[in-house]
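# Report on the structure
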Amino acid sequence: LITCVILQTLLQRLMIFHSNRVSIRIRNALVLVIYKRSLSLKSVLWQQMTTGQVINMIANDATKFEQTCLNLFYLFQGFLEIIVLFGLLSWFIGIV
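From a predicted model like this one, the values you see are computed outputs, not experimental measurements.

## Here's the deal with the overall build of the protein chain
Within the protein chain, the secondary structure is distributed over three helices and zero strands. Seen in sequence order, the protein chain has helices and strands lined up from the N terminus as α-α-α. Principal axes of the C-alpha set define a box for the protein chain whose edges measure 70 × 25 × 15 Å. Among the 96 residues that make up the protein chain, the fraction classed as buried is 16%. When contacts within the protein chain are restricted to residue pairs at least 6 apart in sequence, long-range pairs at least 24 apart make up 85% of them.

## Here we look at helix α1 (residues 2–39)
Here α1 is 38 residues long and its end C-alpha atoms lie 56 Å apart, about the 56 Å a rise of 1.5 Å per residue gives. Turning to α1, its buried residues are Ile 16, Ser 19, Ser 23, Leu 30, Ile 34 and Ser 38.

## Regarding the packing of α1 against helix α3 (residues 51–93)
At a closest axis distance of 9 Å, the pairing of α1 and α3 adopts a crossing angle of 150°. Classified by the angle between their axes, α1 and α3 sit roughly antiparallel to one another. You can see that α1 and α3 cross each other, and the crossing is right-handed. Grouping the amino acids of the contact of α1 with α3 by side-chain chemistry returns 16 nonpolar, seven polar and four charged.

## Description of the side chain of Ser 19
Within the fold, Ser 19 resides in helix α1. Accessibility expressed as a relative area gives 11% for Ser 19, which makes it buried. Those residues in contact with Ser 19 that sit more than four places away from it in its chain are Cys 69, Leu 70 and Phe 73.

## As for the layout of surface pockets
Counted as a void, the largest pocket has a volume near 570 Å³. Lining of the largest pocket is provided by 16 residues; of these, Cys 4, Gln 8, Leu 80, Glu 81 and Val 84 occupy positions nearest its centre. When contributions to the lining of the largest pocket are tallied by element, the ones reaching two or more residues are α1 and α3. It is α3 that provides the largest number of residues to the lining of the largest pocket, a total of eight residues. Along the lines of polarity and charge, the residues of the lining of the largest pocket split into twelve nonpolar, three polar and one charged.

Thresholds, definitions, all that
- Residue positions within a chain follow its written sequence, with the count starting from 1.
- Predicted model: local features are reported for residues with pLDDT of at least 70 only, side-chain atom pairs are reported and counted for 80 or more only, and whole-chain, interface and lining totals are derived from all residues.
- As a rule here, side-chain values cover all heavy atoms of the structure and leave hydrogens and water aside.
- Under the scheme used here, helices are H or I runs from DSSP no shorter than 4 residues and strands are E runs no shorter than 2 residues, and both carry numbers assigned from the N terminus.
- Only protein chains enter the accessibility calculation, which uses a 1.4 Å probe; a residue is then buried when its area is under 20% of its type maximum, exposed when over 50%, and partly exposed in between.
- Whether two residues touch is decided by their heavy atoms; if any such pair falls within 4.5 Å, the residues are in contact.
- To estimate the expected span of a helix, subtract one from its residue number and multiply by 1.5 Å.
- In this analysis an axis means a line fitted to C-alpha atoms, helices contributing only their contacting stretch, and an angle means the value between N-to-C directions, from 0 to 180 degrees.
- Between 65 and 115 degrees an angle is taken as roughly perpendicular, under 35 as roughly parallel, over 145 as roughly antiparallel, and anywhere else as oblique.
- Should the near helix be turned counterclockwise from the far one by less than a right angle, the crossing is left-handed, whereas a clockwise turn marks it as right-handed.
- Three classes are used: nonpolar for Ala, Val, Leu, Ile, Met, Phe, Trp, Tyr, Cys and Pro, charged for Asp, Glu, Lys and Arg, and polar for all others, with Gly counted as polar.
- Put simply, the grid is 1 Å and covers the protein atoms alone, a cavity is a trapped set of points that fit a 1.4 Å probe, a pocket is an open set with protein on both sides within 12 Å along at least five of seven lines, and lining residues have an atom within 4 Å of a point.
- Grid points are joined across faces, edges and corners, and a volume is the space filled by probe spheres set on the points.

As structure tokens, this is what we get:
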């Protein structure tokens, strides 16, 4: 039991680390796309928007994508735990 808990902790930390890396990469790519797209806007549109609005748009949108990537890990972990628990339960009961 202790070995399983230690193994689960190590694997969970590893998955969180990798999901953090992926989410940061996605956030950086999104900021780059928004920035390149904003450079191609006409000067009339730039006069309507302030720098604060552009930075706020970039920060809000990128943060939402980053949080989504981080939370997808927990969804994956939940499905994996359900499959393992049902497998163990059916093995203990003797269905398999």
